[in-house]
Amino acid sequence: MARVFLTCRVFPEEVARLRDAGHSVEMRDAAEPIGRDELLLRVKDVEGLVCLLSDRIDAAVITSGERLRIIANLGVGTDNVDVPTARAKGIVVTNTPGALTEATADLSFALLLAAARRLVEADAYTRSGAFRSWELLPPHLGLDVHGKTLGIVGMGRIGTAVARRGRRGFDMPILYHNRHQNEEAERDLWARFVSFEELLRESDFVCVHAPLSRETHHLFDRDAFRRMKNTAILVNVARGPIVDEEALVWALEQGEIAGAGLDVYEREPAVHPGLVALHDRVVLAPHIGSATAETRRGLARIAVANVLAVLAGDASLNPVA
Ligand code: GLV
């Protein structure tokens, strides 16, 4: 029997699976995120940790968890976990790839469409009672999506799923920039591998689906925005710090780009006040890429399956490389 600590509420059937396997489960039952002191204390005697991507699992937390064998992150990005330190201590880190690909791609496309067609502004206008007649040139004139060029930065699972929606649903030519060529996307979606500069120059919509790393931190800075079309829309459902928010606010205010659809922020949960103040073609969501009932269930199921495997002495299902 092992002890497992969950930093958040998860579905009862997953807690039951852990208990049925004989483990002792402590689940934090609070709406607000776990504080650092509490986290340091609660990892002390546990073998398994199930955590959120908003929990900072740094070297101090990992060192405090003297008995830890597995850190199961609920989400695909693991930039919140000090993976090298965990690995050096023989602790397995797992994530939940696959489960959230389609839901996150759906949200990326929803933000793209909402920003291009100014859906949030149009909704507010309709509710305000301002809609009095059909106009040829309404105040919320949008931008076409179909047939426009879609640029994907980060052509992994989610990037490819977004490209599929663009190509098959909206007849969009696909450009992509990635660490490696994605031959499947080139063959199936006629996606073209280009430099970052070419992608910025040629794309009407730029969707970010790369992991956060030293290389991608502030990849989108003033220089990148200057290179984009003035009519372009940026969508980021990956990680906030890939975009320099100060530069993004500047680019939107100066008309360097036309709009943005964002699900992630540089200093989450804080949102840059400059973004909050911008309404035209700027749509903001609170990091809900994987937030559908089915997908969140899937995330919990995978995280618990990884904990069960490692605590049973088996290989984990989704080790982070
Ligand atoms: C969400 O942002 C995730 O990494 O799963």
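Criteria and thresholds
- Residues numbered from 1 in each chain as written.
- Predicted model: local features only at pLDDT ≥ 70, side-chain atom pairs only at ≥ 80, totals over all residues.
- Heavy atoms only, no water.
- Pairing = 2+ DSSP bridges.
- Helix = DSSP H or I, 4+ residues; strand = E, 2+ residues; numbered from the N terminus.
- Contact = heavy atoms within 4.5 Å.
- Axes fitted to C-alpha atoms, helices over the stretch in contact; angles between N-to-C directions.
- Near = heavy atom within 4 Å.
- Polar contact = N/O pair within 3.5 Å; in protein donor to acceptor, adjacent residues only side chain to side chain.
- Domains from an automatic or database assignment.
- Buried area = accessible area lost by both parts, 1.4 Å probe.
- Buried < 20%, exposed > 50% of the residue type's maximum accessible area, 1.4 Å probe, protein only.
- Lys, Arg positive; Asp, Glu negative; His and termini not counted.
- Salt bridge = Lys/Arg side-chain N within 4 Å of Asp/Glu carboxyl O.
- Parallel < 35°, antiparallel > 145°, perpendicular 65-115°, else oblique.
- Left-handed = near helix turned anticlockwise from the far one by under 90°.
- Nonpolar A, V, L, I, M, F, W, Y, C, P; charged D, E, K, R; others polar.
- Phe/Tyr/Trp six-rings, centres within 6.5 Å; stacked < 30°, edge-to-face > 60°.

**Comments concerning the sheet that holds strand β10 (residues 233–236)**
Spatial ordering of the open sheet is given by β8-β7-β6-β9-β10-β11-β12, a layout of seven strands whose pairing is parallel. Unpaired on one side and paired on the other, β8 (192–193) and β12 (282–284) mark the two borders of the sheet. In this structure, strand β7 (residues 174–177) lies alongside β8, joined through two bridges in parallel fashion. Paired with Tyr176 across the bridge in β8 is Phe193. Sheet contacts for helix α5 (residues 101–116): β6 (150–153), β9 (205–208), β10, β11 (259–262) and β12; angle to β10, the most-contacted strand, approximately 150°.

**Here we look at the sheet that holds strand β2 (residues 24–27)**
Spatially, five strands are ordered β2-β1-β3-β4-β5 in an open sheet, and the strand pairing comes out parallel. Looking at which strands have only one partner, the edges of the open sheet turn out to be β2 and β5 (92–94). Recorded for the sheet is a direction-independent mean angle of 15° between the axes of neighbouring strands. Here three bridges tie strand β1 (residues 3–6) to strand β3 (residues 48–52), and the two strands are oriented parallel to one another. For Phe5, the partnering residue across the bridge sits in β3 and is Leu49. Set on the sheet, helix α1 (residues 12–20) makes contact with β1 and β2; between it and β2 the angle comes to about 150°. Its contacts with the sheet place helix α13 (residues 293–311) against β1, β3, β4 (70–74) and β5, and it is angled at close to 175° to β4.

**Focus on the site of the ligand**
Neighbouring the ligand are the residues Leu53, Gly75, Val76, Gly77, Leu100, Arg239 and His287. With respect to the ligand, the side chain of Arg239 contributes an N or O atom lying 2.7 Å from an oxygen atom. Within the side chain of His287, an N or O atom sits 2.6 Å from an oxygen atom of the ligand.

**Examining the domain arrangement of the protein chain**
A common way to state how big an interface is: give the accessible area lost once the parts meet. Here the protein chain is partitioned into domain 1 (3–99 + 293–311) and domain 2 (101–284). A C-alpha centroid distance of 32 Å is found between domain 1 and domain 2. Contacts between the two partners involve seven residues from domain 1, matched on the other side by five residues from domain 2. Regarding the contact of domain 1 and domain 2, the summed buried area is about 510 Å², with carbon and sulfur atoms giving 47% of it.

**Notes on the side chain of Glu256**
Mapped onto the elements, Glu256 comes out in the loop between α11 (245–254) and β11. Lacking a salt bridge, the buried Glu256 has Arg226 as its closest oppositely charged neighbour, with an N-O distance of 5.1 Å. Among residues more than four places away in sequence, those in contact with Glu256 are Phe225, Arg226, Met228, Lys229, Asn230, Trp250 and Ala251.

**Some words on the pattern of salt bridges**
Where charged atoms from two side chains of opposite charge come close, those side chains can pair. Across all of its chains, the model carries 24 salt bridges by this definition. Note that Arg297 is salt-bridged to Glu13, the shortest N-O span being 2.3 Å. Of this pair, Arg297 sits in helix α13 while Glu13 sits in helix α1, placing them 284 residues apart in sequence. A salt bridge links Arg67 to Glu47, with the shortest nitrogen-to-oxygen separation between them at 2.8 Å. In this pair, Arg67 is assigned in the loop between α3 (59–64) and β4 and Glu47 in the loop between α2 (36–42) and β3, connecting sequence segments 20 residues apart. Taking the relative accessible area as the measure of exposure, Glu47 reaches 9% and is therefore buried.

**Observations concerning the packing of α5 against helix α7 (residues 157–170)**
Direction vectors running N to C along α5 and α7 enclose 55°, while the axes themselves pass 8 Å from each other. Overall, the two elements α5 and α7 adopt an arrangement that is oblique. The handedness of the crossing between α5 and α7 comes out as right-handed. Contact residues: Thr101, Glu102, Thr104, Ala105, Asp106, Ser108, Phe109 and Leu113 in α5; Arg157, Ile158, Ala161, Val162, Arg164, Arg165, Gly166 and Phe170 in α7. Class assignment for the residues of the contact of α5 with α7 results in seven nonpolar, four polar and five charged.

**As for the packing of α1 against α13**
Their axes nearest at 10 Å, the elements α1 and α13 cross at an angle of 10°. Relative to α13, the element α1 lies roughly parallel. Of α13, the residues touching α1 (which contributes Glu13, Glu14, Arg17 and Leu18) are Arg297, Ala300, Arg301, Val304, Ala305, Val307 and Leu308. Taken together, the residues of the contact of α1 with α13 sort by class into six nonpolar, no polar and five charged.

**Observations regarding the packing of aromatic side chains**
Applying the stated criterion to the full structure yields four aromatic pairs. On the numbers, 5.1 Å between centres and 20° between planes, the contact of Tyr176 with Phe193 is stacked. In this pair, Tyr176 sits in strand β7 while Phe193 sits in strand β8, placing the two residues 17 residues apart along the sequence. Looking at Phe193, the relative accessible area reads 34%, which means it is partly exposed. Here the aromatic cluster, defined as three or more aromatic residues joined through ring pairs, consists of Phe196, Phe220 and Phe225.

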